[in-house]
Structure formats: structure tokens, C-alpha cells
Amino acid sequence: MQTFNFLQEYILENDAVRLNPLHHSDIDRLLHFSEQQPELWRYSLQPANSPENLKVYVEMALQGRKDETAYPFIVFDKRTQQIAGSTRFYDFQKNHNTVQLGYTWYGKEFQGTGLNKQCKMLMLEFAFEKLGIDRVEFRADANNERSIAAMKSIGCTVEGILRSNCAAPEGRRDSIVLSILKDEWFGGVKENLKAKIEKERNISSQ
């Protein structure tokens, strides 16, 4: 198993998507999403829904990497040869061998294309098979039905609701907690996710 090195430039990719480490220079490559699709961050605790907020968003993500608690990526869709969004590992808990996966968003034109499952496959393979992580956790606004459905579709188990657990841009929010355990990943979740990806690939090619 690898020891995670926050200084290393990890690139995760397959034939559909490439995840590159996020850098400050990527702000310009993401700017059009902030300017043209600010609603992408409706449920986000840290919205990037303006040029100013995007700069703060990226700087906070990069600070997390410096603090060795997060590792953000920029998402490149090989199908369209375009930048599609961003995602990250965060809340690394070395003592407990756990991590959270989130801060995931994609432009509208990339939603519903199968891109999310491809990204999650790469990140979960890396977490469980390269790093030997025991538990990957996911959280979302309990009202974010689209995000919750997406997490369930990749094999996450719902654990419950944390009531009013964090401040949100407008008041407070309830957060739903989901997770995948290492034994679950090797016990069927990975194969089920692979099957879903293959099914979507076949449908799109028809």
C-alpha cells in the first residue's frame, strides 16, 4: 500500500476521465462555470458562484492540501476534451484510516453523462486499493436529492442525518451521511459500479 504524499502530483485516469491535481492556475479554466452556471453551488457549504467566490474556493482547497487534510482535483472529460468540474478527498483521518470524498460538482453539460461514476471509480479504487483506506465517507445537504441519488447509485450506504450540524450560506443545514467500507468495496460494490459504468457505456454507444 502507498503512503499518501500530499506533495506528490497524483493523476488518476482511465479512458473516459482524467483527474489532475487542482492548482491556482486552474481558476481561469473553471471561471465560466462560476459566471454562467452559479446555480451549481445551490447546496454547497462553500459556493464558487462568482469569480471572487471561485478564487476563495480554490484557495481553501489548496490550503487543505498544504494542511495535509485534503487533496483537490480538476476533472477533465476525455469524451469532450473539456474541463468538467472539480472534486476532492478531504478530512483525511490518519489515525482512523478514513477519508471523505466530496466537494464534487460538474457543469450542467456533463451531468447525467456517466462522468460522475467514472470519477468515483477512480477515486474509490485509489482510496481502497492503493492507500488501503478502511472507510470512505460522503456527506450532502439532506435536501440535495440529486446528489444523494448519485451517491446511492455508486453503492453508498445511508447512515443517517446529522441535524443542523453545520452552518450554511443561508442559515444551517441538516447533512446526510453515507459511506462505503473497504470490505463492501471488495465484496460487491466495485463490481456493481463497474457493471453500471459498462451498461451506460453501451447505451451511449448505440
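This section reports on the structure supplied with the text. (Residues numbered from 1 in each chain as written. Predicted model: local features only at pLDDT ≥ 70, side-chain atom pairs only at ≥ 80, totals over all residues. Heavy atoms only, no water.)

**Re helix α4 (residues 145-153)**
So, step 1. By the burial criterion, the buried members of α4 are I148, M151 and S153.
So, step 2. Trailing α4 by a residue or two, G155 shows a phi angle of about 110°, which is positive. (Buried < 20%, exposed > 50% of the residue type's maximum accessible area, 1.4 Å probe, protein only. Helix = DSSP H or I, 4+ residues; strand = E, 2+ residues; numbered from the N terminus.)

**Digging into the side chain of S86**
So, step 1. Within the fold, S86 resides in strand β4 (residues 82-93).
So, step 2. With a relative accessible area of 2%, S86 lands in the buried category.
So, step 3. Engagement of the side chain of S86 in a polar contact is seen with the backbone oxygen of F73, the distance being 2.7 Å.
So, step 4. Apart from residues no more than four positions distant in its own chain, S86 is found in contact with L22, F73, I74, V75, Y103, T104 and W105. (Polar contact = N/O pair within 3.5 Å; in protein donor to acceptor, adjacent residues only side chain to side chain. Contact = heavy atoms within 4.5 Å.)

**Side note on the packing of helix α1 (residues 27-36) against helix α2 (residues 51-66)**
Two measures define how a pair of helices packs: the angle their axes make with one another and the distance between the axes.
So, step 1. Direction vectors running N to C along α1 and α2 enclose 135°, while the axes themselves pass 9 Å from each other. Taken together, the axis directions place α1 and α2 in an arrangement best described as oblique. Considering the relative orientation of α1 and α2, their crossing is right-handed. Residues I27, L30, L31, S34 and E35 of α1 lie in contact with α2, whose contacting residues are P51, L54, K55 and V58. (Axes fitted to C-alpha atoms, helices over the stretch in contact; angles between N-to-C directions. Parallel < 35°, antiparallel > 145°, perpendicular 65-115°, else oblique. Left-handed = near helix turned anticlockwise from the far one by under 90°.)

**Thoughts on the sheet that holds strand β8 (residues 172-181)**
So, step 1. Ordered by their spatial adjacency, eight strands build an open sheet running β1-β2-β3-β4-β5-β6-β8-β7, and the pairing between neighbours is mixed. Because the sheet does not close on itself, it has two edges, and the strands there are β1 (12-13) and β7 (157-167).
So, step 2. Here α2 sits on the sheet in contact with β2 (17-21), β3 (70-77), β4 and β5 (98-106), set at roughly 125° to β3.
So, step 3. Its contacts with the sheet put α4 on β6 (135-141), β7 and β8, and the angle it makes with β6 is roughly 160°. (Pairing = 2+ DSSP bridges.)

**Points about the pairing of β4**
So, step 1. In terms of residue burial, β4 counts as a mostly covered element, since nine of its twelve residues are buried.
So, step 2. Pairing analysis gives eight bridges linking β3 to β4, with the strands arranged antiparallel. Bridge pairing links V75 to G85 in β4.
So, step 3. Here β3 folds back onto β4, and the loop between the two strands holds four residues, one of which, Q81, carries a positive phi near 60°.
So, step 4. Pairing analysis gives six bridges linking β4 to β5, with the strands arranged antiparallel. Of the residues in β5, the one forming a bridge with R88 is G102.
So, step 5. In sequence, β4 turns back onto β5 through a hairpin of four residues, with N97 there showing a positive phi of about 60°.

**Some remarks on the layout of surface pockets**
So, step 1. Quantified by volume, the largest pocket comes out at close to 1200 Å³.
So, step 2. What lines the largest pocket is a set of 42 residues, and nearest its centre among them are T104, W105, N144, R146 and S147.
So, step 3. Element by element, the count of residues in the lining of the largest pocket is highest for β5, at seven residues.
So, step 4. Here the lining of the largest pocket is built from residues that sort into 18 nonpolar, 14 polar and ten charged. (1 Å grid on protein atoms, 1.4 Å probe; cavity = no way out; pocket = protein on both sides within 12 Å on 5 of 7 lines; lining within 4 Å. Points joined across faces, edges and corners; volume = space filled by probe spheres on them. Nonpolar A, V, L, I, M, F, W, Y, C, P; charged D, E, K, R; others polar.)

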